[in-house]
Amino acid sequence: MNQINRNFAWSNEYSDDSFVGIFHEENLWDDDEYFKLENYLYEQCEVYKDNDFIPRNVFWPAMRIHSYLSLSIGCHFDSNDGFKLEGLSQEQVYQRRERLQLVFEGFFKGEMPNKKYLGY
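Residues numbered from 1 in each chain as written. Predicted model: local features only at pLDDT ≥ 70, side-chain atom pairs only at ≥ 80, totals over all residues. Heavy atoms only, no water.

Q: Describe the environment of Asn2, naming the residues involved and giving the relevant values.
A: Secondary-structure assignment places Asn2 in the segment before helix H1 (3–6). With 34 residues separating them along the chain, Asn2 and Lys36 place their C-alpha atoms 9.8 Å apart. Not counting residues up to four positions away in its chain, the partners in contact with Asn2 are Glu13 and Tyr40. (Helix = DSSP H or I, 4+ residues; strand = E, 2+ residues; numbered from the N terminus. Contact = heavy atoms within 4.5 Å.)

Put into C-alpha cells, the structure is as follows:
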C-alpha cells in the first residue's frame, strides 16, 4: 500500500485512519500508523537510490506531509495556537519531532538514518 498517498490529504487514496488522518482529526500521534509511513519512506528511498531525483508524484506528497506535520508540531508548542497533541509528554513530542525530521530529511537526501540511532 502506498503510505505516502494514504497520508496525503489531496490523494484519492487518503485515509482518515492514516497517521496524518489520526494526527489531524484526533490530535494523536499513533506510533503504529507513523511506523507504516516511516517504513514506506525507507522502502521508497531504496527504490530511488540510483536515481538523481525523486519523481514529483512521490516528492510533492512527501514534502507536503513533512511540512504539515512540522508546522503542526510547532503549533503544539504555542499555547495560543489551539493545537495540542494529546497523550504525549513534552519530551516525547521532542523525540518524535526529531525522528520525523531525520527520517524525512534522509528520504529527501537519499540516505536514510540508521534506525538504531533514532530516539524512542
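Q: Explain helix H4 (residues 56–76) residue by residue, including any values.
A: Its 21 residues give H4 an end-to-end C-alpha distance of 30 Å, which sits within 8% of 30 Å, the value for a rise of 1.5 Å per residue. By the burial criterion, the buried members of H4 are Val58, Pro61, Ala62, Ile65, His66, Tyr68, Leu69, Ser72, Ile73, Cys75 and His76. Where the residues of H4 are buried, they touch H1, helix H2 (19–26), helix H3 (31–47) and helix H5 (90–109). (Expected span 1.5 Å × (residues − 1). Buried < 20%, exposed > 50% of the residue type's maximum accessible area, 1.4 Å probe, protein only.)

Q: Report on H5, specifying residues and quantitative values.
A: Counting along an α-helix, one turn takes 3.6 residues, and residues three or four places apart therefore face a common direction. End to end, H5 covers 28 Å across 20 residues, agreeing with the expected 28 Å (1.5 Å per residue, within 8%). Looking at H5, one finds that the buried residues are Val93, Arg96, Arg99, Leu100, Val103, Phe104, Gly106 and Phe107. Along the axis of H5, the buried residues cluster in a sector spanning 170°; they form a single face. Facing away from the buried surface of H5 by more than 90 degrees, the exposed residues are Glu98 and Lys109. Residues of H5 that are buried sit in contact with H3 and H4. (Arc of directions from axis to C-beta.)

Q: Tell me about the packing of aromatic side chains, residues and numbers included.
A: Counting across every chain of the model gives 13 aromatic pairs. On the numbers, 5.5 Å between centres and 70° between planes, the contact of Phe19 with Tyr34 is edge-to-face. Taken as a pair, Phe19 in helix H2 and Tyr34 in helix H3 lie far apart in primary sequence, 15 residues in all. On the basis of relative accessible area, Phe19 is assigned to the buried category, the value being 0%. When the ring of Trp29 is compared with that of Tyr34, the centres are 5.1 Å apart and the planes differ by 35°; the resulting orientation is tilted. For Trp29, a relative accessible area of 9% corresponds to the buried category. Owing to a relative accessible area of 1%, Tyr34 belongs among the buried residues under this scheme. Among the aromatic residues, those joined into a ring-pair cluster are Phe19, Phe23, Trp29, Tyr34, Phe35 and Tyr68. (Phe/Tyr/Trp six-rings, centres within 6.5 Å; stacked < 30°, edge-to-face > 60°.)

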